[in-house]
Amino acid sequence: MEKPPLKLVKNGSERSEGSSGSGGEDKGRFEYFGWVYHLGVNSIGREYCHLRFLFIRGKYVEMYKRDPHQNPGIKPIRRGVVGPTLMVEELGRQKVNQGDFYVIRFCNRLDEMKKGEIACRTAGEARKWMEAFDHAKQQAEYEISRGGSTRNKLNMETEINLEGHRPRMRRYAHGLKELIRIGQGPETLLRQSSTLGAGRPDGYIEGDTGDAIEANEWKCVRTISGVRIFEDVSDSQSGKGVLVKSVGVVDATADTVFEAILNIERHQRYEWDMLTGDLELIDSIDGHYDVVYGIYDPKFLTRWHSKRDFVFSRQWFRGQDGTYTILQRPAVHKKKPPRSGYRRTKINPSTWEIRNLNTPIASNAPRCLVTQMFEIDSSGWCRWTKSHCSKFEKSIPYALLCQVAGLREYIGANPALSLESATTVVHSKISDVSVPIGEYEDGEVQDEFYDAIAADSSSSSEDEESDSDEHDNKGSKVKLKNVSWAIAGLALKRTSAPDANKELDPTVTPISIDPTQCHGSLHKAKDGTDTNCWASPSGTGFMIRGKTYLKDNSKVMGGDPLLKLIAVDWFKVDKSIDRIALHPRSLVQSGVGKKLPFILVINLQVPAKPNYSLVLYYAADRPLNKSSLLAKFVDGSDMFRDARFKLIPSIVEGYWMVKRAVGTKACLLGKAVTCKYFRQDNFLEIDVDIGSSSVARSVIGLVLGYVTSIVVDLAILIEAKEEAELPEYILGTVRLNRLKPDSAVNLEV
């Protein structure tokens with residue numbers, strides 16, 4: 001049989017080289033496999049933790065007791081379908097069998113009782129499995145979008161791939177498949193050292209910089225062992241100290257560096273950390289938050305002879321672009337009161353950011369950019385930077401700034417860390433797994449994956465032998481690398497304004513919207529000094545996808561929003577309220593609201609004690625153009641909406657650590673938290689449950705602690721993924737100026 005042409009991979013889809021791209025083109029499927037721990041509770045109520053081999057083929061998921069590649073013919077002990085209602089949440093780092101593992105939870109958004117959990121050895125493997133399930137979900141959505149019977153589609157694949165000499169067997173894979181092995185095997189899961197895979201399997205990255213323009217102006221003031229030291233010289237600082245950061249390039253993946261920073265094993269930290277090498281975990285709040293106690297001897301830095309100890313909290317999360325953020329703040333804990341012989345001190349609040357860098361296609365070596373940032377006393381910093389003596393080198397801030405350099409040298413001196421991180425290889429070949437003709441039809445596989453994985457199974461048919469036929473396991477290896485060409489300089493000179501006639505009905509005369517007739521519980525800002533209010537800034541502070549984004553990843557400044565922000569409600573509620581537009585106090589139910597052609601209602605449900613709802617009302621002066629992207633979003637499926645609804649945050653003024661926690665990267669809200677959509681009459685309501693994600697809850701908890709002193713800008717838009725949809729445009733913006741939680745109005749259901 002003639003070997004099909006090599007397939008190219010772009011954004012998770014496959015296309016044959018030289019294909020026409022017609023509608024009849026088959027969509028290829030990825031296959032993922034690797035070892036995980038399956039967590040659960042059996043029928044008698046005992047918790048179990050079983051080592052299992054997980055295999056994802058298209059939208060189907062199988063679980064084995066042994067590797068099916070090494071044991072041909074083995075039967076899976078569980079099998080299920082990844083449906084469009086599957087929700088995948090990373091629970092963070094947790095203790096499992098006395099070891100640190102990264103736990104992933106699966107559940108059905110329509111029935112939260114259906115759920116299951118798996119655990120991975122490293123954060124990198126957990127990230128890859130989340131991406132694998134996302135690909136499987138996309139495959140399910142794709143098949144649904146094609147229409148017709150899934151059973152017929154599978155039978156069609158059977159006819160195309162039918163082997164003449166094996167009429168009752170067919171290859172599951174259609175043509176060439178992308179087989180992606182996650183992790184190194186069971187021996188890696190069982191040992192304590194970290195081994196991580198490299199890069200995103202789809203080779204796609206959103207961009208290297210933030211999607212909002214920051215006010216910081218960084219100046220390089222020193223270089224230490226090849227690591228650059230920067231000072232923020234802008235006039236927008238709100239604190240009394242000086243914001244400084246050290247930036248270095250490390251020859252390893254972001255996953256590897258993240259694991260090294262979180263690892264508190266003494267002998268490892270002694271190799272790179274001259275200040276916080278002796279650490280002890282004293283409390284783990286959740287999978288993304290813990291408290292650590294440490295000691296250090298200052299004799300290497302100063303003439304002091306008394307030892308110091310400290311307590312600090314660590315909070316971490318990973319963005320949708322793969323960037324890790326770690327927040328470290330001084331803390332107090334009852335388990336570690338002041339200790340005799342030690343002087344209790346406070347470590348400077350600091351942040352770590354670890355971001356993978358795009359590397360040349362010819363290079364196989366992973367690289368990431370590591371940034372450590374903290375605030376120090378301004379008088380001391382000025383004295384140190386202006387002095388040419390050795391006093392600066394004997395200061396604690398210097399020891400902190402040297403951590404990036406130490407980390408880089410440590411990883412460089414241990415090639416095993418970076419070599420193991422580059423072992424995930426994508427093989428282009430025909431799948432070596434053959435199955436009966438009806439085995440993957442919907443009549444045989446009716447369980448959703450969360451049902452299959454949550455059930456306990458004590459037996460399997462793993463001892464059965466396979467057929468005598470063997471397939472050629474050799475295939476060409478294709479290493480996927482991220483490719484990005486950022487033209488930031490040109491992007492800043494251009495703006496993207498929405499074409500109202502393209503998105504709104506050009507045949508209808510626009511109506512006049514009088515903002516004074518639209519009232520919400522939160523008042524509009526009178527001027528720039530007003531507080532506890534809202535405003536609607538222009539979109540020029542946000543970077544969005546330009547016309548040529550699919551070719552060169554270039555972004556441009558946003559223009560004026562398409563929709564007009566007419567009111568904001570700030571409610572206090574006992575529990576989260578969905579479909580708030582139907583409440584009598586909602587603007588939608590007012591006489592003015594009912595006359596508007598279209599209203600987009602964004603209900604941001606903030607978890608706290610009590611809970612809050614921030615409701616944004618955006619209005620259009622004309623009905624929607626039925627052929628526009630906005631109309632497809634408003635009247636489309638929830639799957640389409642989840643994949644397109646995007647938000648860009650920006651802390652304009654406020655504490656620098658809150659700025660780093662929130663970031664400036666665009667976020668697909670439907671993939672980060674649970675979003676519910678309600679379309680009726682002249683409006684679409686989007687209920688954003690921020691509390692549905694442990695990471696989002698953690699970040700919003702930090703923001704609420706400083707909400708009375710920060711200014712937040714938000715931009716909402718619909719992500720453009722096709723060339724015809726570019727350039728993107730800003731759908732709406734809002735500026736929230738120093739909100740006061742006490743001013744929220746009680747809303748009774």
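Above: the structure in question.
Residues numbered from 1 in each chain as written. Predicted model: local features only at pLDDT ≥ 70, side-chain atom pairs only at ≥ 80, totals over all residues. Heavy atoms only, no water.

### A short note on unusual backbone geometry
If a residue is not glycine, its phi is most likely negative; likewise, a peptide bond is most likely trans. Applicable threshold: Per the convention used, a helix needs a DSSP run of H or I reaching at least four residues, while a strand needs a run of E reaching at least two, with both numbered from the N terminus. Working definition: with a 1.4 Å probe on protein chains only, accessible area under 20% of the residue-type maximum means buried, over 50% means exposed, and in between means partly exposed.
Of note, the amide linkage connecting Lys609 to Pro610 takes the cis form, showing an omega dihedral of 0°. Tracing the chain through its elements places Pro610 in the loop between strand 30 (598-606) and strand 31 (611-620). Cis geometry marks the peptide bond from Leu726 to Pro727, where omega comes out at -5°. Relative to the helices and strands, Pro727 resides in the loop between strand 36 (711-718) and strand 37 (732-737). For Asn553, which is not glycine, the phi torsion reads 60° and is therefore positive. Considering the arrangement of structural elements, one finds Asn553 in the loop between helix 12 (549-552) and strand 28 (555-558). Phi at Arg579 is positive, roughly 55°, even though this residue is not glycine. Along the polypeptide, Arg579 turns up in the loop between strand 29 (564-573) and helix 13 (591-595). Of the residues examined, Arg579 reaches a relative accessible area of 46% and is grouped as partly exposed.

### What to know about the pattern of salt bridges
The condition is simple: By definition, a salt bridge exists where a carboxyl oxygen of Asp or Glu is found within 4 Å of a side-chain nitrogen of Lys or Arg.
Inspection of the entire model under this criterion finds 27 salt bridges. A salt bridge links Arg127 to Glu131, with the nearest nitrogen and oxygen atoms 3.6 Å apart. You can see Arg127 and its partner Glu131 sitting in helix 1 (residues 123-146), four residues apart, about one turn around the helix. For Arg127, a relative accessible area of 3% gives the class buried. Across the salt bridge formed by Arg622 and Asp621, the nearest N and O atoms sit 3.6 Å from each other. What makes Asp621 partly exposed here is its relative accessible area of 26%. Here the residues in one salt-bridge network are Arg545, Lys646, Glu719, Lys721 and Glu728, joined through shared partners.

### Remarks on the side chain of Asn216
Keep this limit in mind: Polar contacts, as counted here, are pairs of nitrogen or oxygen atoms within 3.5 Å of one another; within protein the pair requires one atom able to donate a hydrogen and one able to accept it, and residues that are adjacent in sequence qualify only if both atoms are side-chain atoms. Note on contacts: a residue pair qualifies if any of its non-hydrogen atoms lie within 4.5 Å across the two residues.
As for its placement among the helices and strands, Asn216 is situated in the loop between helix 3 (186-190) and strand 12 (218-224). In terms of polar contacts, Asn216 uses its side chain to reach the side chain of Asp232, at 2.9 Å. Apart from residues lying up to four places away in sequence, Asn216 is in contact with Asp232, Ser234 and Leu243.

### A look at empty space enclosed by the protein
Note the following rule: A cavity, in this analysis, means grid points on a 1 Å lattice covering only the protein atoms where a 1.4 Å probe fits yet has no way out; a pocket is instead an open set bounded by protein on both sides within 12 Å along at least five of seven lines, and a residue lines either one if it has an atom within 4 Å of a point. Grid points are joined across faces, edges and corners, and a volume is the space filled by probe spheres set on the points. In this classification, the charged set is Asp, Glu, Lys and Arg, the nonpolar set is Ala, Val, Leu, Ile, Met, Phe, Trp, Tyr, Cys and Pro, and all remaining amino acids, among them Gly, are polar.
Scanning all chains against the criterion turns up four cavities of 30 Å³ or more. In this structure, the second largest cavity encloses a volume near 70 Å³. Lining the second largest cavity, in full, are Ile261, Arg269, Trp272, Thr276, Phe312, Gln328, Ile347, Ser350, Trp352, Leu400 and Gln403. Sorting the residues of the lining of the second largest cavity by element identifies strand 20 (350-356) and helix 7 (396-412) as the ones contributing at least two each. Grouping the amino acids of the lining of the second largest cavity by side-chain chemistry returns six nonpolar, four polar and one charged.

### Structural notes on helix 4 (residues 254-262)
Burial runs high along helix 4: nine of the nine residues are buried. Of all the positions in helix 4, only Ala254, Asp255, Thr256, Val257, Phe258, Glu259, Ala260, Ile261 and Leu262 are classed as buried.

### With respect to the environment of Tyr293
Mapping Tyr293 onto the fold places it in strand 16 (residues 289-296). Since its relative accessible area comes to 4%, Tyr293 is described here as buried. Distance from Tyr293 to Val311, taken between C-alpha atoms, is 4.5 Å for residues 18 residues apart in sequence. Discounting residues that sit within four places of it in the chain, Tyr293 has contacts with Asp278, Leu279, Glu280, Ile282, Asp309, Phe310, Val311, Lys336, Arg339 and Arg344. One polar contact links Tyr293 to Asp309, side chain to side chain, over a distance of 3.0 Å.

### Quick look at the packing of aromatic side chains
Our working rule: By convention, a stacked pair of Phe, Tyr or Trp rings (six-membered ring in the case of Trp) has centres within 6.5 Å and planes under 30 degrees apart, an edge-to-face pair has planes over 60 apart, and any other such pair is tilted. Working rule: Lys NZ or Arg CZ, within 6 Å of ring centre, within 35 degrees of ring normal, means a charge sits over the ring.
If you walk through the whole model with that rule in mind, you get 18 aromatic pairs. Consider the rings of Trp570 and Tyr612, whose centres lie 4.9 Å apart with planes at 15°: the pair is stacked. Taken together, the residues span a long stretch of sequence, with Trp570 in strand 29 and Tyr612 in strand 31 at a distance of 42 residues. Accessibility expressed as a relative area gives 5% for Trp570, which makes it buried. A residue is classified by how much of its surface remains accessible, and Tyr612, at 9% relative accessible area, is buried. An aromatic cluster is built from Phe33, Trp35, Phe53 and Phe55, whose rings are joined through pairwise contacts. The side chain of Arg57 reaches across the aromatic face of Phe55, ending 3.9 Å from its centre. Stacked on the ring of Tyr293, the Lys or Arg Lys336 has its end atom at 4.7 Å from the ring centre.

### Notes on the pairing of strand 3 (residues 30-41)
Applicable threshold: Here, a strand pair is defined by DSSP locating no fewer than two bridges between the strands.
Among the twelve residues of strand 3, ten are classified as buried, and the element is accordingly described as predominantly covered. In this structure, strand 3 lies alongside strand 4 (residues 47-57), joined through eleven bridges in antiparallel fashion. Following the sheet pairing, Tyr32 is matched in strand 4 by Ile56. Two successive antiparallel strands, strand 3 and strand 4, enclose a turn made up of five residues, where Gly45 displays a positive phi of approximately 85°.

### As for the nonpolar core
We count it as follows: By nonpolar core is meant a set of buried Ala, Val, Leu, Ile, Met, Phe, Trp, Tyr and Cys residues that side-chain atoms within 4.5 Å join together.
The biggest cluster of nonpolar side chains holds 61 residues, and the ones touching the most others in it are Leu600, Ile602, Tyr618, Phe645, Ile686, Val688 and Leu731. Every residue in contact with Phe645, bar those within four places of it in the chain, is listed here: Ile602, Phe633, Cys667, Leu668, Leu669, Gly670, Tyr677, Ile686, Val688, Ile716 and Leu717. With 44 residues, the next largest nonpolar core counts Met63, Phe258, Trp352 and Leu407 among its residues.

### Points about the state of the cysteines
Operational definition: Cysteine sulfur atoms that pair up within 2.5 Å are treated as a disulfide.
Applying the stated criterion across every chain yields a total of zero disulfides. Free of any disulfide, Cys675 has its nearest neighbouring cysteine sulfur in Cys667, separated by 8.8 Å. On the basis of relative accessible area, Cys675 is assigned to the buried category, the value being 1%.

### Focus: the side chain of Ser313
The topology assignment puts Ser313 in strand 17 (residues 307-318). Leave out the neighbours within four places in its chain, and Ser313 touches Tyr289, Asp290, Val291, Leu327, Gln328, Arg329 and Ala331.

### Quick word on the pairing of strand 36
Working note: regular strand, side chains alternate between the two faces of the sheet. Of all eight residues making up strand 36, eight are buried, and the element is well covered by its neighbours. Across the two faces of strand 36 the burial is the same, with Val711, Asp713, Ala715 and Leu717 and Val712, Leu714, Ile716 and Ile718 all buried. Here six bridges tie strand 36 to strand 37, and the two strands are oriented antiparallel to one another. Looking at strand 37, one finds that Ala715 is bridged to Thr733.

On their own, these measurements won't tell you what the molecule is for.
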